[in-house]
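Architecture and fold: a report
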Amino acid sequence: MTARALLLGAAAALALGACDYRVPREKPEYPRDMLKNESVPLQPSTAGLPVELTRARPAGAATRPEDGQWVMPLRDYAGTRYSALDQVDTRTVKDLKLAWSYDLRLSRGQEATPLVVGSTMYVVTSFPNLLYAFDLARPGPAVKWVYNPRPARASQGVACCDHVNRGAVYADGKLIYATLDAHAVAVDAATGREAWRTRIGDFQTGETVTMAPLVVRDRVIFGNSGGEFGVRGWVKALDVATGRPAWTAYSTGPDRDVLIGPGFRPFYAKDRGRELGVSTWGPEQWKIGGGNVWGWLNYDPELDLLYYGTGNAAPWNPEQRPGDNKWTATIFARRPDTGEAVWAYQWDPHNVFDWDGVSESTLLDMPVEGRMRRVMVRAEKNGFMYVMDRATGEVLSATPFMHSTVVKDVDTRSGLPVENLEMKPRFGHTARGICPAVPGAKDWAPTAFSPRTGLLYVPANNLCMDVEGMEANYIAGTPYMGVDAVMHPGPGGHRGEIIGWDPVGRRKVWTIKEKFVSWSGPLATGGDLVFYGTMDRWLKAVDARTGRLLWRFRTQTGIIAPPVTFRGPDGKQYVAVLDGPGGWAGAVVSVPLDPRDQTGGKGFANAMADLPEYTGRGGHVYVFGLP
């Protein structure tokens, strides 16, 4: 291994948290019954109203007809993660059996969504980002081909939160995805031959790419990771046919870099003005200010708007970067052909707790105060469920869905959070009892929405933390953070929940308490089922209307990837998922971190110290079907 690779490996260990005990805390006690899968129905508030006044529905133009395939991780532009397939339903799911499995022979976290196109399943792995093609027309597992992009090994040293990859997108006969060392690749879906490769970032400065791209017409759109290394965030569009760059929109800096022009119309006064991407920072700080785009992208064909959220400001320590720090923790709407910004809403000015805004924007049409509105629904890290007008960026409502000690409310007139200022960390002072913790009330794992129930299914986290500000110094390619944190379970002692949320009634309909954080995005189906994985090795199916557990299967290792469903060549419905614990939440297993170090993984090791008792390392593909 080269000296450079050794240095980068050491930097990654620092980013995950070396042995530093600045914020000691006793390990909390966990209730003995936390292994139970507990569904808690909540009191309805819309009884007696007509269905059309209580039901949301997906934005029609942004959804896909049911063809039995799964060609993008969120399934459609609206981000529903819903399939109308219904052979597997509340009656038959008890008969679901393992059809086949495959050992990926990798030990890091697997976060990718399998894709199914025709009679082939495609799976992207964590580093080295192999692309597998499985022939579903033959008894499985039948590997057709494997593509190896051979990313630079040294890029593993600057991957903040494990060597994960969230998958590919299918378009124009190609599978398109990113490698950890910041290259975009397109692979012929039939042969596995590389069609094109484009370098889109520089991993030697700490820049990596872990997200799944989105294709809109002839553009494929990527974003970067690296805020923990002071990397400046961007989204970048490439030509689908050739891989040539079309446009780049930065998250910080001058208007010309952010692609803000005369057509920019933010709804709120706080987001209006010229050169805010510079003036809301200290001198030159915007150049290393974060705002990375490593989560999900959505698109509304009727409005021709691309939606995405930007990540945390860098460094984490807010005292080192006074100002609103635009455009971090911001939701953007852009034209996909040119990248031109149409509106933006900064939901967390100044970004004190590393709450990235990279969640998906589920695009729905639903009644708001008696009339139908075109909205996006976002479960943000601050614990509030935002309903926004997707044409203008106006916040129509913001309702707490998880416990928060930091944000008391959201003022929809100003768009600003109402904060508890006493909870802010600072140099030499430890702020205790901050809820939600840094991973937020919901992290990257995507929600699902069922048009049959009108419910949004939310993978939520129940973590709090103690945090102290420290000085951070910027050196390219090394951690640039400036905090010590210790995370611990939130109220009740459980660390995760799966929530059935009514976006119209703005309430929980049911909730399931899980032992560990919810790091696997749910899947909703026409059989009135919700599938999701757990970090303690269960793939579960619950009743979409009540949350009642109907089926579960014990996998070989913990699950942090979202499941999918598809129609096989034999006409039967199948369910597929990857296991393989890791990511930030599972670093105590996959890296592995020392669980005795309370600040390891920036405090996550303390919150997940018992995870090694429930899962080992390794990753597999599973496919389930009815007899």
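As the structure is a computational prediction, the values presented were derived from the model and not from experiment.

The next subject is the overall build of the protein. The helix and strand inventory of the protein stands at 5 helices and 40 strands. Seen through its C-alpha atoms, the protein measures out along the principal axes to roughly 65 × 65 × 55 Å. By the burial criterion, 68% of the 627 residues in the protein qualify as buried. In the protein, once contacts between residues fewer than 6 apart in sequence are set aside, the share between residues at least 24 apart is 64%. Just so you have it, the protein exposes about 20700 Å², and 50% of that area is on carbon and sulfur atoms. For the protein, the separation between the mean place of its 70 positive charges and that of its 67 negative charges on side chains is 3 Å.

Let us look at the sheet that holds strand 39 (residues 573-579). Spatially, 4-40-39-38 is the arrangement adopted by the 4 strands of the open sheet, whose pairing is antiparallel. Both edges of this open sheet fall to strand 4 (97-103) and strand 38 (564-567), since each of them pairs with a single strand only. In this sheet, neighbouring strand axes are inclined to one another by 25° on average, regardless of whether the strands run parallel or antiparallel. Pairing of strand 38 with strand 39 involves 4 bridges; the strand directions are antiparallel. Note that in strand 39 the partner of Arg 567 across the bridge is Gln 573.

Applying the stated criterion across every chain, the model contains 37 salt bridges. One salt bridge in this structure joins Arg 217 and Asp 337, with 3.1 Å as the shortest N-O distance. Here the residue Arg 217 occupies a position in the loop between strand 13 (214-216) and strand 14 (219-223), and Asp 337 occupies one in the loop between strand 19 (330-334) and strand 20 (341-346), the gap between them amounting to 120 residues. The partly exposed category is assigned to Arg 217, whose relative accessible area is 46%. Judged by relative accessible area, Asp 337 falls into the partly exposed class, the value being 33%. Across the pair Asp 300 and Arg 390 runs a salt bridge, and its minimum N-O distance is 2.7 Å. Here Arg 390 lies in the loop between strand 23 (384-389) and strand 24 (395-400) and Asp 300 lies in strand 17 (residues 297-300), a separation of 90 residues in the sequence. Overall, Asp 300 belongs to the buried group, its relative accessible area being 1%.

Next up on the list: unusual backbone geometry. For the bond running from Phe 127 to Pro 128, omega is 15°, close enough to zero to count as cis. Note on placement: Pro 128 falls in the loop between strand 6 (120-124) and strand 7 (131-135). For the peptide bond that leads from Ala 314 to Pro 315, omega is -5°, which places it in the cis range. Within the secondary structure, Pro 315 sits in the loop between strand 18 (305-309) and strand 19. Residues other than glycine seldom take positive phi values, yet Asn 351 does so here, at roughly 50°. Structurally, Asn 351 can be placed in the loop between strand 20 and strand 21 (362-368).

What follows deals with the nonpolar core. Formed by 99 residues in total, the largest nonpolar core has its most connected members in Phe 222, Trp 343, Tyr 345 and Phe 604. The biggest single contributor to this core is strand 20, with 5 residues. Non-local contacts of Tyr 345, meaning those with residues more than four positions away in its chain, are made with Tyr 268, Lys 270, Asp 271, Ala 329, Thr 330, Ile 331, Tyr 386, Met 388, Gly 393, Val 395, Val 410 and Gly 415. If you look at the next biggest cluster of nonpolar residues, it comprises 50 residues, including Trp 70, Val 123, Leu 136 and Ala 576.

What follows covers the state of the cysteines. All chains considered together, the criterion is met by 2 disulfides. Each sulfur of the disulfide joining Cys 160 and Cys 161 lies 2.1 Å from the other. Among the residues examined, Cys 160 registers a relative accessible area of 14% and is labelled buried. Assessed through its relative accessible area of 24%, Cys 161 is described here as partly exposed. Two residues, Cys 435 and Cys 464, share a disulfide whose sulfurs are 2.0 Å apart. In this structure, the disulfide formed by Cys 435 and Cys 464 twists by about 105° around the S-S bond and is classed as right-handed. With a gap of 29 residues between them, Cys 435 in the loop between strand 27 (430-434) and strand 28 (448-450) and Cys 464 in strand 30 (residues 463-469) connect regions that are remote in the sequence. Residue Cys 435 is classed as buried on the basis of its relative accessible area, which comes to 5%.

Here 4 strands make up an open sheet; going across it, the order is 5-6-7-8 and the pairing antiparallel. The open sheet has two edge strands with one neighbour each: strand 5 (115-117) and strand 8 (143-147). The mean angle between the axes of side-by-side strands here comes to 20°, regardless of whether they run parallel or antiparallel. Where strand 7 meets strand 8, 4 bridges bridge the pair, whose relative direction is antiparallel. When the sheet's bridge partners are listed, Ala 133 is paired in strand 8 with Trp 145.

Right, let's get into the environment of Thr 328. In this fold, Thr 328 is placed in the loop between strand 18 and strand 19. With relative accessibility at 0%, the residue Thr 328 sits in the buried group. Spatially, the C-alpha atom of Thr 328 lies 25 Å from that of Arg 432, the residues being 104 residues apart in sequence. Not counting residues up to four positions away in its chain, the partners in contact with Thr 328 are Ser 251, Thr 252, Trp 281, Gly 289, Gly 290, Gly 291, Thr 310, Gly 311, Asn 312, Ala 313 and Gln 346. At a separation of 2.7 Å, a polar atom in the side chain of Thr 328 contacts the main-chain carbonyl oxygen of Asn 325.

For Thr 447, the position within the fold is in the loop between strand 27 and strand 28. There is a polar contact of 2.9 Å between the side chain of Thr 447 and the side chain of Glu 360. Within polar-contact distance, the side chain of Thr 447 engages the side chain of Thr 362 at 3.4 Å. Ignoring anything within four residues of it in the chain, the contact list for Thr 447 reads Gly 79, Thr 80, Arg 81, Glu 360, Thr 362, Lys 442, Leu 456, Tyr 457, Val 458, Pro 459 and Pro 522.

Here the focus is the pairing of strand 18. In terms of residue burial, strand 18 counts as a mostly covered element, since 5 of its 5 residues are buried. Residue alternation in strand 18 divides its side chains into two sets, Leu 305, Tyr 307 and Gly 309 and Leu 306 and Tyr 308, and both sets are buried. In terms of strand pairing, strand 17 meets strand 18 through 4 bridges, oriented antiparallel. Directly across from Asn 298, in strand 18, lies its bridge partner Tyr 307. Connecting the antiparallel pair strand 17 and strand 18 is a turn made up of 4 residues, with Asp 304 showing a positive phi of about 55°. Of the pairings in the sheet, the one linking strand 18 to strand 19 comprises 4 bridges and is antiparallel in character. Bridging across to strand 19, Leu 306 finds its partner in Arg 334.

What counts and how
- Residues numbered from 1 in each chain as written.
- Predicted model: local features only at pLDDT ≥ 70, side-chain atom pairs only at ≥ 80, totals over all residues.
- Heavy atoms only, no water.
- Helix = DSSP H or I, 4+ residues; strand = E, 2+ residues; numbered from the N terminus.
- Buried < 20%, exposed > 50% of the residue type's maximum accessible area, 1.4 Å probe, protein only.
- Contact = heavy atoms within 4.5 Å.
- Areas by Shrake-Rupley, 256 points an atom, 1.4 Å probe, with all protein chains shown as cover.
- Lys, Arg positive; Asp, Glu negative; His and termini not counted.
- Charge placed at Lys NZ, Arg CZ, Asp CG, Glu CD.
- Pairing = 2+ DSSP bridges.
- Axes fitted to C-alpha atoms, helices over the stretch in contact; angles between N-to-C directions.
- Salt bridge = Lys/Arg side-chain N within 4 Å of Asp/Glu carboxyl O.
- Core = buried A, V, L, I, M, F, W, Y, C linked by side-chain atoms within 4.5 Å.
- Disulfide = S-S within 2.5 Å.
- Polar contact = N/O pair within 3.5 Å; in protein donor to acceptor, adjacent residues only side chain to side chain.

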